[in-house]
Amino acid sequence: MKITGIELRRIAMPLVSPFRTSFGVETDRDVLLVRVVTPDAEGWAECSAMSEPRYSAEYVDGAAEVMRRFLIPALPKKDVDAQAVGRALEPFTGHRMAKAALETAVLDARLRASGESLARHLGASRDRVPCGVSVGIMDSIPELLDAVARYVDEGYVRIKLKIEPGWDVEPVRAVRERFGDGLLLQVDANAAYTLVDAPHLARLDAFGLLLIEQPLANDDMVQHARLARRLTTPVCLDESIESAADAAAAISLGACSIINVKPARVGGYLEARRIHDLCRAHGVAVWCGGMLETGIGRAANLALAALPGFTLPGDTSGSHRYFATDVTEPFVLDGGHLDVPAGPGIGVSPVPDVLAEVTTSTEWISA
Ligand code: OSB
Ligand code: MG
């Protein structure tokens, strides 16, 4: 397969409600979509980089710049497939979200041309997956309880509460008291604590949480191992794991017993599957995280979440948890589950009218 050209398209997607984490508040998702054009098929992907470099070093303007300036010019001129994209981009360090988007768009084009679904290609073992929801930091506990109640009513099978110093033990206690011990509940600190907070974080052990996600800084693998020994709540890593090599290091250090796999963070679906395989071999549970994706990114994440090692519900929520109008046909929760797209490639395409309406810029780069 040969690439004719690549379109970089920016879309502005207002969120249905502000999403607050320990690293900032998001009210609009500024998304970069990648469309790869080949003579056989087109491929779509979503770059998960956020507007500011807070969750990680990448940000959406930077991702667009590194793509147009370095990554797209380095793509193979012929015989392009996802593996070849990975090899061609390997010499450039970092920028995994940008690389992931290019690799995924090429993979989508290849699979659309051959008629195979991404789920099947990756080795999925299910056609629907259970879904959790990530609940942002709120101004008050009553507001949080209302939000959680709405999500529980909608059928979400697992609740994740965002935490930070000053918003941790009390909100967790309140949610446990209101919804009972049967609720699958976990927390995500987005690196807001240090090891000095270990005794405080150990207070969360009383609430039977599924896991605590990324309590310490992104590059604090050794400290996470120390913390893990002091908590009964399992430690899960998100930001710290950027590759299968990082996952291997974390497992051998004892830095975590669960990994949140985000394909964007690790450079794509092929690396995500390597992490899945490694974790499965070591008895480490994985689940599929999210980056407030539109239907384009969500479709591909659902394919990954259907692999056999994804034994915990992911942050793969329905479209309406994020957007009033998604750019694809909306993903709608059914009994706490979402269907894994079964069509060729990622199995969904943008709805042209919606896409046109939300587009803020497009840029065509000939190969
Ligand atoms: O840490 O998992 C995270 C969203 C943006 C950036 C980082 C994170 C998140 C979420 C929401 O928790 C996941 C989602 O629903 O897409
Ligand atoms: Mg996280």
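Scroll up for the structure.
Now for a look at the structure at hand. (Residues numbered from 1 in each chain as written. Chains lettered and ligands numbered in written order. Predicted model: local features only at pLDDT ≥ 70, side-chain atom pairs only at ≥ 80, totals over all residues. Heavy atoms only, no water.)

Notes on empty space enclosed by the protein
Here comes step 1: By the definition in use, this model includes four cavities of 30 Å³ or more.
Here comes step 2: Considering only enclosed or pocket space, the largest cavity measures out at about 180 Å³ in volume.
Here comes step 3: In terms of lining residues, the largest cavity is bounded by 19 residues, among which Phe19, Lys162, Gly290, Met291 and Leu292 are the most central.
Here comes step 4: Counting residues per element, the ones that place at least two in the lining of the largest cavity are strand 1 (5–21) and strand 6 (158–162).
Here comes step 5: Counted by class, the lining of the largest cavity contains seven nonpolar, four polar and eight charged residues. (1 Å grid on protein atoms, 1.4 Å probe; cavity = no way out; pocket = protein on both sides within 12 Å on 5 of 7 lines; lining within 4 Å. Points joined across faces, edges and corners; volume = space filled by probe spheres on them. Helix = DSSP H or I, 4+ residues; strand = E, 2+ residues; numbered from the N terminus. Nonpolar A, V, L, I, M, F, W, Y, C, P; charged D, E, K, R; others polar.)

What about the nonpolar core?
Here comes step 1: With 127 residues, the main nonpolar core has Met67, Val135, Leu161, Leu204 and Ile259 as its most contacted residues.
Here comes step 2: Excluding residues that lie within four positions of it along the chain, methionine 67 makes contacts with Leu8, Leu32, Val34, Cys47, Ile72, Pro73, Ala98, Ala101 and Leu102.
Here comes step 3: Of all hydrophobic cores here, the second largest spans five residues; its members include Leu211, Cys236, Trp287 and Leu312. (Core = buried A, V, L, I, M, F, W, Y, C linked by side-chain atoms within 4.5 Å. Buried < 20%, exposed > 50% of the residue type's maximum accessible area, 1.4 Å probe, protein only. Contact = heavy atoms within 4.5 Å.)

Describing the site of ligand 1
Here comes step 1: In the neighbourhood of ligand 1, 18 residues make up the surrounding shell, with Ser134, Lys162, Asn190, Leu292 and Tyr322 lying closest.
Here comes step 2: Contacts to ligand 1 include lysine 262, whose side-chain N or O atom sits 3.0 Å from an oxygen atom.
Here comes step 3: Tyrosine 322 places a polar side-chain atom, nitrogen or oxygen, 2.6 Å from an oxygen atom of ligand 1.
Here comes step 4: In the complex, the protein chains occlude 100% of the 390 Å² of accessible area that ligand 1 would expose alone.
Here comes step 5: Taking a 2 Å distance to the grid points as the criterion, the majority of the atoms of ligand 1 fall inside the largest cavity.
Here comes step 6: A breakdown of the residues in the shell around ligand 1 according to their chemical character gives seven nonpolar, three polar and eight charged.
Here comes step 7: A domain-level breakdown of the shell around ligand 1 finds at least three residues from each of domain 1 (5–115 + 349–366) and domain 2 (120–339). (Near = heavy atom within 4 Å. Polar contact = N/O pair within 3.5 Å; in protein donor to acceptor, adjacent residues only side chain to side chain. Areas by Shrake-Rupley, 256 points an atom, 1.4 Å probe, with all protein chains shown as cover. Sits in = over half its atoms within 2 Å of the grid points. Domains from an automatic or database assignment.)

Points about unusual backbone geometry
Here comes step 1: A positive phi angle, near 45 degrees, is found at asparagine 190, a position not held by glycine.
Here comes step 2: Note on placement: asparagine 190 falls in the loop between strand 7 (184–188) and helix 7 (198–201).
Here comes step 3: The exposure class of asparagine 190 is buried, given its relative accessible area of 7%.
Here comes step 4: You will see that alanine 191, though not glycine, has its phi angle at about 70 degrees, which is positive.
Here comes step 5: For alanine 191, the position within the fold is in the loop between strand 7 and helix 7.

Considerations on the packing of aromatic side chains
Here comes step 1: If you walk through the whole model with that rule in mind, you get four aromatic pairs.
Here comes step 2: Ring centres 5.8 Å apart and planes at 80 degrees place the aromatic pair tyrosine 151 and tyrosine 156 in the edge-to-face group.
Here comes step 3: With relative accessibility at 6%, the residue tyrosine 156 sits in the buried group.
Here comes step 4: The side chain of arginine 158 reaches across the aromatic face of tryptophan 287, ending 5.3 Å from its centre. (Phe/Tyr/Trp six-rings, centres within 6.5 Å; stacked < 30°, edge-to-face > 60°. Lys NZ or Arg CZ within 6 Å of the ring centre and 35° of its normal.)

Here's the deal with the environment of isoleucine 212
Here comes step 1: Note on placement: isoleucine 212 falls in strand 8 (residues 212–213).
Here comes step 2: Taking relative accessible area as the criterion, isoleucine 212 reaches 1% and is therefore assigned buried.
Here comes step 3: With 16 residues separating them in the primary sequence, isoleucine 212 and alanine 228 have C-alpha atoms 9.8 Å apart.
Here comes step 4: Every residue in contact with isoleucine 212, bar those within four places of it in the chain, is listed here: Ile163, Val187, Leu201, Leu204, Leu231, Thr233, Pro234, Val235 and Cys236.

Points about helix 8 (residues 221–230)
Because the α-helix completes a turn every 3.6 residues, residues three or four places apart line up on one side.
Here comes step 1: For helix 8, the complete set of buried residues consists of Met221, His224, Ala225 and Leu227. Buried positions in helix 8, seen along its axis, are confined to an arc of 165 degrees and lie on one side of it.
Here comes step 2: Residues of helix 8 that are buried make contact with helix 7, strand 9 (235–237) and helix 9 (244–253). (Arc of directions from axis to C-beta.)

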